[in-house]
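Now for the letters of each chain:
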Amino acid sequence: MERLDKILVSQNIGSRKEVQKIIKRGEVCVNGEICKKIDTKIDVNTDKIAVNGQAIKYKKNIYIMMNKPAGVISASNDKYDKTVIDLIPEEYKRKGLFPAGRLDKDTEGLLIITDDGNFAHKMLSPKKHIEKKYIAKLDKSIDDDTVKKFEDGIIFADGTKCMPAKLEVLPDSDNKKGIVTICEGKFHQVKKMFICCGINVVHLKRISIGNLYLDSKLPIGCCKLLTNYEKELIFIGNIH
Ligand code: URA
């Protein structure tokens, strides 16, 4: 059993405050009766909810886009550090949430948090080769040789071979800023690829996964729910 207001937020009807107003205004029916009590306990399997006459099709899972700040770790819990789960607003919190993929503690940007294991598996499967784009600020300039090495596939010191990656130099950056596109997710991959070229990453931000881009209006440290369309964008155009 779950609170009515929490269910409506989880179904993307509005923020906690907005749905509480909607309920209090008498715009929500539970099993055909107007229900103005925000904390009414609902059984999602049997109770029928409607908002302004529109039946709510309950969706089991939640998909959150976070603009991850530096300084928090991509884990569900940690003894010492603040985790991305700690940053999730109350209205989106539920059991079983985890980050689908990891960003380093000092990396910012697009992170998907969900309670849907199958979805995460599909998104993270190395076989899918889903592209991820990062903006990297560097301590040295990118030259043609670096771009070529990325294109050919960097080989780490331990012999691990990376798949070919794209490196585009950003204008007006003294060649010290680039967009890196990789389609795998090895540990510290982008930083290690640059280190193999004698360059250190001083700032890293993920801006996309597949065709889903970080919402430019989403402040650092904030979250929003993904629409079905945004969720699909992760896989659209992926041929594997
Ligand atoms: N590559 C890295 O080096 N760090 C990240 O957080 C993501 C990709």
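Residues numbered from 1 in each chain as written. Predicted model: local features only at pLDDT ≥ 70, side-chain atom pairs only at ≥ 80, totals over all residues. Heavy atoms only, no water.

What follows concerns the overall build of the protein. Secondary structure assignment for the protein yields 6 helices and 15 strands. Taking the principal axes of the C-alpha coordinates as reference, the protein spans close to 70 × 35 × 35 Å. Going through the 240 residues of the protein one by one, you find that 47% of them count as buried. For the protein, the accessible surface area stands at approximately 13,200 Å², while carbon and sulfur atoms represent 51% of it. Each charge class in the protein was averaged separately, 43 positive and 33 negative side chains, and the resulting centres sit 4 Å apart. (Helix = DSSP H or I, 4+ residues; strand = E, 2+ residues; numbered from the N terminus. Buried < 20%, exposed > 50% of the residue type's maximum accessible area, 1.4 Å probe, protein only. Areas by Shrake-Rupley, 256 points an atom, 1.4 Å probe, with all protein chains shown as cover. Lys, Arg positive; Asp, Glu negative; His and termini not counted. Charge placed at Lys NZ, Arg CZ, Asp CG, Glu CD.)

Turning our eyes to something else, we now look at the domain arrangement of the protein. Domain assignment breaks the protein into domain 1 (2-55), domain 2 (63-126 + 224-235) and domain 3 (131-209). Once you take the C-alpha centre of each, domain 1 and domain 2 turn out to be 26 Å apart. Counting across the domain 1 and domain 2 interface gives 0 salt bridges. Classifying every residue of the side of domain 1 that touches domain 2 by side-chain character gives 1 nonpolar, 4 polar and 2 charged. (Domains from an automatic or database assignment. Salt bridge = Lys/Arg side-chain N within 4 Å of Asp/Glu carboxyl O. Nonpolar A, V, L, I, M, F, W, Y, C, P; charged D, E, K, R; others polar.)

Glancing now at the packing of aromatic side chains. On inspection of all chains with the given rule, the structure shows 3 aromatic pairs. Their ring planes at 90 degrees and their centres at 5.8 Å tell us that Phe119 and Phe235 sit as a pair that is edge-to-face. Of this pair, Phe119 sits in helix 3 (residues 117-124) while Phe235 sits in the segment after helix 6 (228-233), and the two are 116 residues apart along the sequence. Residues Phe119 and Phe235 agree in their burial class; the two are buried. In this structure, Lys122 packs its charged tip against the face of Phe235, placed 4.1 Å from the ring centre. (Phe/Tyr/Trp six-rings, centres within 6.5 Å; stacked < 30°, edge-to-face > 60°. Lys NZ or Arg CZ within 6 Å of the ring centre and 35° of its normal.)

Quantified by volume, the largest pocket comes out at close to 560 Å³. For the lining of the largest pocket, the secondary-structure elements that each account for two or more residues are helix 3, strand 10 (132-138), helix 5 (189-195) and strand 13 (201-209). Class assignment for the residues of the lining of the largest pocket results in 14 nonpolar, 8 polar and 8 charged. Residue-level mapping places the lining of the largest pocket at the junction of two domains, with at least three residues from each of domain 2 (63-126 + 224-235) and domain 3 (131-209). Considered as a void within the structure, the second largest pocket measures approximately 310 Å³ in volume. (1 Å grid on protein atoms, 1.4 Å probe; cavity = no way out; pocket = protein on both sides within 12 Å on 5 of 7 lines; lining within 4 Å. Points joined across faces, edges and corners; volume = space filled by probe spheres on them.)

On to the side chain of Glu230. In this structure, Glu230 sits in helix 6. On the accessibility criterion, Glu230 (16% relative accessible area) is buried. Beyond its immediate stretch of four places on either side in the chain, Glu230 contacts Leu212, Lys224 and Leu225. (Contact = heavy atoms within 4.5 Å.)

Once that is clear, we can look at the sheet that holds strand 3 (residues 33-34). Neighbouring strands of a sheet are bound in pairs by backbone hydrogen bonds; such pairs are parallel or else antiparallel. If you trace the 4 strands from one edge of the open sheet to the other, you get 3-2-5-6, paired in antiparallel fashion. With one partner strand each, in any of the chains shown, strand 3 and strand 6 (54-55) form the two edges of the open sheet. Here strand 2 (residues 28-30) pairs with strand 3 via 2 bridges, running antiparallel. Bridge pairing in strand 3 places Val30 opposite Glu33. (Pairing = 2+ DSSP bridges.)

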